[in-house]
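Descriptive structure summary
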Amino acid sequence: MNEGLQEYAQRLRVSGQLDASAYGEMIRFRDAELMGLVCKYAMQTRMERAAESIQWLGTIDISSYCKNDCYYCGLRRDNRFAERYRMDLDEILSCCEAGLQHGITNYLIQGGEDLWYTTERITEMIRGMKKLSKDITIFLSLGEKSRAVYQTWKQAGAEGYLLCYQTSDDRFYHKLHPNKMSLLRKKQCLWELKELGYLVGTGFMIGTPYQRITDLADEFAFLRQLAPDMMMVETFLASDGTPFEKERNGVLDLTYFVMALLRLSFPKLYMPVTQTVEFFDRDGMRQGVRAGADIVLVDLTPEQWRKQYHCYQRAVRRGKIGLENMADFKRSLQEADYEIAGIHERICRR
Ligand code: SF4
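Residues numbered from 1 in each chain as written. Predicted model: local features only at pLDDT ≥ 70, side-chain atom pairs only at ≥ 80, totals over all residues.

What to know about the overall build of the chain
The helix and strand tally for the chain stands at 14 helices and 9 strands. Against the globule reference of 20 Å for 350 residues, the chain gives a C-alpha radius of gyration of 19 Å, in line with a compact fold. For the C-alpha atoms alone, the extent of the chain along its principal axes is close to 60 × 45 × 40 Å. A burial count over the chain gives 43% of its 350 residues as buried. (Helix = DSSP H or I, 4+ residues; strand = E, 2+ residues; numbered from the N terminus. Rg over C-alpha atoms; globule rule 2.2 N^0.38 Å. Buried ≥ 20, exposed ≤ 12 C-beta atoms within 10 Å, placed from the backbone.)

Listed below in structure tokens is the structure:
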């Protein structure tokens, strides 16, 4: 292994900090040995500084409508091939009830930016969920809203908010989004969520068209300022019906590598393994845990809607963990010596 890169890995393990050029070199010149070392350090760091056990986060995809037109996303408004659905309050609550029966205490309610879900409807949903159990943590991922709306939902009982930003660089942002969308507004939302006391989750994709290694390396400085509580790293999958449908998919090993770098740089982060990894690798969830992730997503969306919620490829559905295969997956993690958090463990500020 290149000695300089090994030294960067050791420095990161000890201090949690590198400059952008060092991150860039590690990403550019990574090989299997460096990958192994960085993942080993990431696992150790997770065990020492974040969590010894893996937590479950139940996801409910409430709507496949979206008013926006991000170039990479299968839910984009102009994708006329996308099948659309939205769930009503009763349906959302029964998904939550099913999750509770399996001991899931952390929930992510996500969907496109669907204007049907008014502030009041989401407020009612949050209150309904909290009535089912006070001992749950609710994350919302419903896009860019005004500060007043975020505040209302926080007061209603939502603890966390996930808003992926993709890039902190304006030039690159506009390669991925139409002109009327604004990176400034996205960043403003993230800061407002922080000020309001949310557990803030954010994230980006690996391997989107136009992404350079320097773009990835630069994100560490932005994240140091933002200091999010949770990071989601997805691998880009070219989705049908989008301007990027003929582009190449992202590279999975780079996703794991960046996840491990994030764990070393921000030891206390919550970091889910996202379901896109399973598109490339049947063992993707466990590999993600090996790269420092500490959360596994369980899809609680009813079967009839799961097929229609596809930000990426339909095929990504095949590896999803749902209530039906949660026990098998739990067993496979335990066989690999990963500890699973007990029932009623909640995501909270570290
Ligand atoms: S990424 Fe989000 S905001 Fe953009 S089109 Fe997809 S669901 Fe809508």
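Thoughts on the UniProt feature "domain: Radical SAM core" (unreviewed entry) in the chain
The feature "domain: Radical SAM core" (unreviewed entry), as given by UniProt, occupies residues 52-274 in the numbering adopted here. A helix fraction of 38% and a strand fraction of 18% characterise residues 52-274, whose end C-alpha atoms lie 19 Å from each other. (UniProt positions renumbered as here; feature names shortened; annotations may be inferred.)

Looking at the site of the ligand
The local shell around the ligand holds 10 residues, among which C66, N68, C70, C73 and G112 are the closest. Each residue belonging to the shell around the ligand can be placed in one class, and the counts come to 5 nonpolar, 3 polar and 2 charged. (Near = placed C-beta within 6 Å. Nonpolar A, V, L, I, M, F, W, Y, C, P; charged D, E, K, R; others polar.)

Description of the nonpolar core
Grouped together as the largest cluster of nonpolar side chains are 93 residues, with contacts concentrated most on Y161 and A260. It is helix α10 (residues 252-265) that contributes the most residues to this core, 8 residues altogether. Setting aside residues up to four positions removed in sequence, Y161 forms contacts with F139, L140, Y150, L193, Y198, V200 and G201. (Core = buried A, V, L, I, M, F, W, Y, C linked by C-beta atoms within 7 Å. Contact = placed C-beta atoms within 7 Å.)

Looking at the packing of helix α4 (residues 89-101) against helix α5 (residues 119-132)
Running from N to C, α4 and α5 point in directions that differ by 30 degrees, and their axes come no closer than 10 Å. Comparing their axes, α5 and α4 come out roughly parallel. Our pair here, α4 against α5, has a crossing hand that is right-handed. In this structure, α4 contributes L89, I92, L93, C96, E97 and L100 to the contact, and α5 contributes E124, M125, G128, M129 and L132. Here the residues of the contact of α4 with α5 sort into 8 nonpolar, 1 polar and 2 charged. (Axes fitted to C-alpha atoms, helices over the stretch in contact; angles between N-to-C directions. Parallel < 35°, antiparallel > 145°, perpendicular 65-115°, else oblique. Left-handed = near helix turned anticlockwise from the far one by under 90°.)

Some details on the pairing of strand β5 (residues 199-206)
The buried fraction of β5 is high, at 7 of 8 residues. As paired strands, strand β4 (residues 160-162) and β5 are joined by 3 bridges and run parallel to one another. Within the sheet, the bridge partner assigned to L162 lies in β5 and is G201. Judged from the 6 bridges that link them, β5 and strand β6 (residues 230-235) form a sheet pairing that is parallel. Paired with F204 across the strands is V233, a residue of β6. Between the parallel pair β5 and β6, the chain is carried across by helix α9 (residues 213-226), and the sense of this crossover is right-handed. (Pairing = 2+ DSSP bridges. Right-handed = clockwise from strand over helix to strand, strands pointing away.)

Examining the pairing of β6
Across the 6 residues that make up β6, a large majority, 6, are buried. Side-chain alternation along β6 places M230, M232 and E234 on one buried face and M231, V233 and T235 on a second face that is also buried.

Some points on α10
The first and last C-alpha atoms of α10 sit 20 Å apart over 14 residues, in line with the 20 Å expected at 1.5 Å per residue. By the criterion of burial, α10 is predominantly enclosed, with 11 of the 14 residues buried. Within the span of α10, buried status applies to T255, Y256, F257, V258, M259, A260, L261, L262, R263, L264 and S265. (Expected span 1.5 Å × (residues − 1).)

Brief notes about the packing of helix α2 (residues 20-28) against α9
The contact between α2 and α9 brings their axes to 8 Å, and the two run at 135 degrees. Between α2 and α9, the crossing angle belongs to the class labelled oblique. Judged by the twist between their axes, the crossing of α2 over α9 is right-handed. On α9, the residues touching A20, Y23, G24, I27 and R28 of α2 are I213, T214, L216, A217, D218, F220 and A221. Residue classes in the contact of α2 with α9 are distributed as 8 nonpolar, 2 polar and 2 charged.

Notes on the environment of R350
By the secondary structure assignment, R350 is in the segment after β9 (339-340). Taking the C-alpha atoms as reference, R350 lies 31 Å from D170; in sequence the two are 180 residues apart. Residues in contact with R350, not counting those within four places in the same chain, are A50 and K268.

Some words on unusual backbone geometry
Notably, Q166 is not glycine yet its phi reads approximately 70 degrees, a positive angle. Topologically, Q166 is positioned in the loop between β4 and α7 (170-176). Unusually for a residue other than glycine, Y210 sits at a positive phi of about 75 degrees. Its place among the elements puts Y210 in the loop between β5 and α9. Taking the number of C-beta atoms within 10 Å as the measure of exposure, Y210 has 14 and is therefore partly exposed.

Re the environment of A20
When you line up the elements, A20 lands in helix α2. Looking at A20, the number of C-beta atoms within 10 Å reads 14, which means it is partly exposed.

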